[in-house]
Each structure stands twice: as C-alpha cells, then as structure tokens.
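Topology and contacts: notes
The residues making up each chain are set out below.
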Amino acid sequence: MNQQTCKNGRAVPRPRTTLMMVLCGVIGAVSMGAAAAAAVDADVPSVVVRYRPASLTTDSGTRTLYRRLVDAAEATCPTSPGTRFVSLAVRECRDQAVARAVRQIGNRGLAALHAGSSKNS
C-alpha cells in the first residue's frame, strides 16, 4: 500500500484508492455521455454530399453547394406523403441538417451564406 509520512513521522496510508474510484466514476460518466451522444447521431438519417473544396473559392460554387445541402436536407427530412405542409419538426430537422453540414465543411463563405439564408427563413 502506498504511504506518506506525516509531520510526526508516522506512516499514514494514502487515499489513492478513493481518488482512483472517483476518477474512474467521472471518466465512466463522461464516456457514457459521449457514447449516448454518438448513438443519437448514428440514428439520425444522413446523406453524403460530395464537393471539391476548390469550388468554394467562388460565390457561384458556394451557392451551388449550399443549394445541394438544402436539397439533401429536404430528402433526408421529408414531409409526409400526400401533403405539402411542412411541419415544425421537419423544418427544424432540415435546418439542423444544413447547419451541421455547414459547420463540418468549415468555410467562411458558406457559413455567411447560411447565416443570411437562416435570417430570411
């Protein structure tokens, strides 16, 4: 057992086991949260939109990619068959899908276009 010496010279056991148990509990709780978050993201339908980073150097290329992202979000979060009504849940699903894609791409021009489009919605 690990020991440390006090001022009076006597050996006292360290509370290392308790510290390790607390750390393991914290690490376990954090990893459980990360696993739960990953499971939620894995359950979300997704579509891969391929693009060339060089296409984002022009306004036209940026607008084209943004339109493709919006189209993919509409395909991923569809309305109910036989209706044209877009529910709030579907609208939020689409907005979150586009926002997530824009964040993943990490292009300033695309982010600015998204910010401008979000204000108009």
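Throughout what follows, the structure given in this document is the object of discussion. Predicted model, so just to flag it, every value in this text is computed and none were measured.

**Description of helix α3 (residues 88-105)**
If you check α3, its first and last C-alpha atoms are 26 Å apart, about what 18 residues at 1.5 Å a residue would give, namely 26 Å. For α3, the full list of buried residues reads V90, R94, A97, V98, A99, A101 and V102. Looking one or two places after α3, you find G106, whose phi comes out positive at around 70 degrees.

**A short note on the side chain of T76**
You can see T76 is positioned in helix α2 (residues 59-76). On the basis of relative accessibility, which here comes to 17%, the residue T76 falls in the buried class. At 2.7 Å, the side chain of T76 and the backbone oxygen of A72 are in polar contact. When sequence neighbours within four positions are dropped, the list of residues in contact with T76 reads P45, S46 and V47.

About the thresholds
Residues numbered from 1 in each chain as written. Predicted model: local features only at pLDDT ≥ 70, side-chain atom pairs only at ≥ 80, totals over all residues. Heavy atoms only, no water. Helix = DSSP H or I, 4+ residues; strand = E, 2+ residues; numbered from the N terminus. Expected span 1.5 Å × (residues − 1). Buried < 20%, exposed > 50% of the residue type's maximum accessible area, 1.4 Å probe, protein only. Polar contact = N/O pair within 3.5 Å; in protein donor to acceptor, adjacent residues only side chain to side chain. Contact = heavy atoms within 4.5 Å.

Purely spatial values, then, with no claim about function.
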